[in-house]
Amino acid sequence: MNIGLIAHDSKKVLIQNFCIAYRGILSKHHLFATNTTGRLIEEVTGLSINKQLSGHLGGVQQIAAQIEQNQIDLMFFLRDPLHPKSHEPDVKNVFRLCDTYNVPLATNLATAEMLIKSLDRGELEWREMYR
């Protein structure tokens, strides 16, 4: 599966720790991330990440385009809802596209844990029918 990874600045350490904890599961899949998030995850996990531009420089838009082209099967976007970003319309577009194209989306750690465990159990294989 192709997995998207994005985290706002205040959630970077959280996504790093999440990826450390679930490195074994994530290593079986193709990972895509915005530049800074991807670099930070690579540094602590050794996972291979296909990095886009930084989020505020168009990386969120690049991930959104991948969702729209059915190239992302699962999305982890750990966001900070208390501090909106200047590129908030791009962020909301990712959510809209995940809803439109039935891409499971986690925006917080609780949902991310549920989805990664579902992925490990093979419960997301239904995404294959979309390709």
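The present account deals with the structure reproduced in this document. Sequence order sets the numbering: in each chain, residues are counted from 1 along the sequence as written. It should be noted that, the model being predicted, local features are given only for residues of pLDDT at least 70 and side-chain atom pairs only at 80 or more, the latter also being counted only at that level, while totals for whole chains, interfaces and linings use all residues. Remark: hydrogens and water are excluded; side-chain values derive from all non-hydrogen atoms of the structure.

**What to know about the nonpolar core**
Piece 1. What is meant by a nonpolar core is a set of buried Ala, Val, Leu, Ile, Met, Phe, Trp, Tyr and Cys residues, joined one to another through side-chain atoms within 4.5 Å. Categorising residues by exposure relies on relative accessible area from a 1.4 Å probe, with only protein chains included: less than 20% of the type maximum marks a residue as buried, more than 50% marks it as exposed, and the intermediate range marks it as partly exposed. The biggest cluster of nonpolar side chains holds 24 residues, and the ones touching the most others in it are Ile3, Leu5, Phe76, Ile116 and Leu119.
Piece 2. Here a helix means four or more residues in a row that DSSP labels H or I, a strand means two or more in a row labelled E, and each is numbered from the N terminus. A per-element tally of this core places helix 6 (residues 109-120) first, with four residues.
Piece 3. By definition, residues are in contact when any of their heavy atoms lie within 4.5 Å. Contacts of Ile3, omitting those with residues within four sequence positions, involve Leu26, His29, His30, Leu31, Phe32, Ile72, Leu74, Phe76 and Leu119.
Piece 4. By size, the runner-up hydrophobic cluster in this structure holds 15 residues, among which are Ala64, Ile72, Met75 and Phe77.

**A look at the environment of Arg121**
Piece 1. When you line up the elements, Arg121 lands in the segment after helix 6.
Piece 2. Here a polar contact is recorded for every N or O atom pair within 3.5 Å, except that within protein the pair must consist of a potential hydrogen donor and a potential acceptor, and residues adjacent in sequence are included only if both atoms are side-chain atoms. Here the side chain of Arg121 touches Glu123 through a polar contact of 2.9 Å, side chain to side chain.

**Section: the pattern of salt bridges**
Piece 1. Criterion for a salt bridge: a side-chain nitrogen of Lys or Arg within 4 Å of a carboxyl oxygen of Asp or Glu. A full pass over the atoms with the stated rule returns five salt bridges.
Piece 2. Among the ionic pairs, Arg127 bridges to Asp73, the shortest N-O distance being 3.4 Å. Residue Arg127 is found in the segment after helix 6, and its partner Asp73 is found in the loop between helix 4 (59-68) and strand 4 (74-78); the two are separated by 54 residues along the sequence.
Piece 3. The class for Arg127 is buried, based on a relative accessible area of 0%.
Piece 4. On the basis of relative accessible area, Asp73 is assigned to the buried category, the value being 0%.
Piece 5. For Arg121, the salt bridge goes to Glu123, with nearest N and O atoms at 2.9 Å.

**Section: the pairing of strand 2 (residues 30-33)**
Piece 1. By definition, two strands form a pair when at least two bridges between them are found by DSSP. For strand 1 (residues 2-7) and strand 2, the ladder comprises four bridges, and the chain directions are parallel. Directly across from Gly4, in strand 2, lies its bridge partner Phe32.
Piece 2. Regarding the hand of the β-α-β motif, the stretch spanning strand 2, helix 3 (residues 35-45) and strand 3 (residues 49-51) is right-handed. Think of it like this: strands point away, you trace from the first strand over the helix to the second, and a clockwise trace means the crossover is right-handed.

**Brief notes about the packing of aromatic side chains**
Piece 1. For Phe, Tyr and Trp, rings pair up if their centres lie within 6.5 Å, where Trp contributes its six-membered ring, and each pair is then called stacked (planes under 30 degrees apart), edge-to-face (over 60) or tilted (otherwise). If you walk through the whole model with that rule in mind, you get three aromatic pairs.
Piece 2. Aromatic side chains Phe18 and Tyr22 sit 5.1 Å apart centroid to centroid with 50 degrees between the ring planes, which places their arrangement in the tilted category. By the burial criterion, Phe18 is buried, and Tyr22 matches it.
Piece 3. Between Phe18 and Phe76, the aromatic rings sit 5.2 Å apart at their centres with planes inclined by 50 degrees, giving tilted as the arrangement. Taken as a pair, Phe18 in helix 1 (residues 12-21) and Phe76 in strand 4 lie far apart in primary sequence, 58 residues in all.
Piece 4. On the basis of relative accessibility, which here comes to 3%, the residue Phe18 falls in the buried class.
Piece 5. An aromatic cluster of three or more residues is present, and its members are Phe18, Tyr22 and Phe76.

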